[in-house]
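Architecture and fold: a report
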Amino acid sequence: RHTNTKFYPANQMAAPNYKVCGVGAGILGVPVCAVIAARCPELSVSVVDSDEELISQWNSGADCPITEPGLSDLLKECKGRNLVISSKVEEHMANADIILICVKTPAKTLGVGRGRAADLG
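This structure is a prediction, so every number in the text was calculated from the model and none was measured.

**Examining a nonpolar patch on the surface**
- A grouping of Ile27, Leu28 and Val32 is seen on the molecular surface, where their side chains present a nonpolar patch of about 270 Å² in accessible area.
- Looking at where Val32 falls in the secondary structure, it is placed in helix α1 (residues 29–39).

**Some remarks on the nonpolar core**
- Residues Val30, Trp58, Leu75 and Leu83 are the most contacted members of the largest nonpolar core, which totals 22 residues.
- When contributions to this core are tallied by element, the ones reaching two or more residues are α1, β2 (44–48), α2 (52–59), α3 (71–78) and β3 (83–86).
- Counting residues per element, this core draws most heavily on α1, at five residues.
- Apart from residues lying up to four places away in sequence, Trp58 is in contact with Ala25, Gly26, Val30, Cys64, Pro65, Ile66, Leu71, Leu75, Lys79 and Ile85.
- If you look at the next biggest cluster of nonpolar residues, it comprises five residues, including Cys21, Val23, Val89 and Ala96.

**With respect to the pattern of salt bridges**
- Applying the stated criterion across every chain yields a total of one salt bridge.
- Linking Arg81 and Glu77 is a salt bridge whose minimum nitrogen-to-oxygen distance equals 3.7 Å.
- When its relative accessible area of 44% is taken as the criterion, Arg81 is described as partly exposed.

What counts and how
Residues numbered from 1 in each chain as written. Predicted model: local features only at pLDDT ≥ 70, side-chain atom pairs only at ≥ 80, totals over all residues. Heavy atoms only, no water. Patch = residues over 30% accessible without salt bridge, like charges linked within 9 Å, V, L, I, M, F, W, Y side chains within 5 Å. Areas by Shrake-Rupley, 256 points an atom, 1.4 Å probe, with all protein chains shown as cover. Salt bridge = Lys/Arg side-chain N within 4 Å of Asp/Glu carboxyl O. Helix = DSSP H or I, 4+ residues; strand = E, 2+ residues; numbered from the N terminus. Core = buried A, V, L, I, M, F, W, Y, C linked by side-chain atoms within 4.5 Å. Buried < 20%, exposed > 50% of the residue type's maximum accessible area, 1.4 Å probe, protein only. Contact = heavy atoms within 4.5 Å.

Here it is, written out as structure tokens:
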């Protein structure tokens, strides 16, 4: 259970050292967190995943594991500045002020809509 909840007044939301952690280094997590890091250079942004092979691919400097227009440029701009891609899930989540869950929505297994993602709207 996350017990060190912090609340910030609206005028302090972008304070220096504010930490954002995206959980899931896939097709959603890395692009979203890279855009946040690029648009908000005062924030410290991390993307975490328990898949160490995937993290290694992101950090290798070779081609990205996914193809997204402009993503390579964002990663070159932000990694090493205010964006980290790591397998240290617990560490980054424990230190985060905001946690973004960037994982697949599971498909329904029974009933109407079986095989499709649940309607979370």
